[in-house]
Amino acid sequence: MKPSSYYTSDGDIAFIFVRPPHGEVHSKEEPWGLRDFDETGELVGIELWGASKRLPPELIDALPRLNGTRVVIERRTQPA
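Residues numbered from 1 in each chain as written. Predicted model: local features only at pLDDT ≥ 70, side-chain atom pairs only at ≥ 80, totals over all residues. Heavy atoms only, no water.

Judged by pairing direction, the sheet is antiparallel, and its 5 strands sit side by side in the order 1-2-5-4-3 without closing on themselves. The sheet terminates laterally at strand 1 (6-8) and strand 3 (26-30), the two strands that pair on one side only. Across the sheet, the mean angle from the axis of one strand to that of its neighbour is 15°, orientation sign disregarded. Strand direction decides the pairing type here: strand 2 (residues 13-17) and strand 5 (residues 43-49), joined by 5 bridges, are antiparallel. Across the sheet, residue A14 finds its bridge partner in strand 5, namely L48. (Pairing = 2+ DSSP bridges. Helix = DSSP H or I, 4+ residues; strand = E, 2+ residues; numbered from the N terminus. Axes fitted to C-alpha atoms, helices over the stretch in contact; angles between N-to-C directions.)

Laid out in structure tokens, this is it:
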């Protein structure tokens, strides 16, 4: 079973699960990472880039690891 929140040193990324989505998920890019919303507009997850510099070490240590899984992040661009 894949953990719903995790940290990976591949890219120094933490994903914090907020709640299960209703329908399709879309992301809004921020300077610090991504906010994921479902089709109702509710926040379902937060992806933090440079997590080890932004989060307390205790939180990083508490998150399940996905190291070595070669996580692929696909970015979708919205039409202009």
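Put simply, the protein has an average pLDDT of 85, and 79% of its residues get 70 or more. Mean pLDDT values over the elements of the protein span from 92, in strand 1, up to 97, in strand 4 (residues 33-37). (pLDDT = per-residue confidence, 0-100.)

All told, the structure shown has 4 salt bridges when counted by the stated rule. One salt bridge connects D61 with R65, and the closest N-O pair in it is separated by 3.7 Å. Assessed through its relative accessible area of 56%, D61 is described here as exposed. One network of salt bridges, in which partners are shared, links K28, E30 and R35. (Salt bridge = Lys/Arg side-chain N within 4 Å of Asp/Glu carboxyl O. Buried < 20%, exposed > 50% of the residue type's maximum accessible area, 1.4 Å probe, protein only.)

Each pair of aromatic rings is reported with the distance of its centres and the angle of its planes. Here the structure, examined in full by the defined rule, presents 1 aromatic pair. Centroid distance Y6 to F15: 5.8 Å. Interplanar angle 25°. Geometry classified as stacked. F15 carries the same exposure label as Y6, and that label is buried. (Phe/Tyr/Trp six-rings, centres within 6.5 Å; stacked < 30°, edge-to-face > 60°.)

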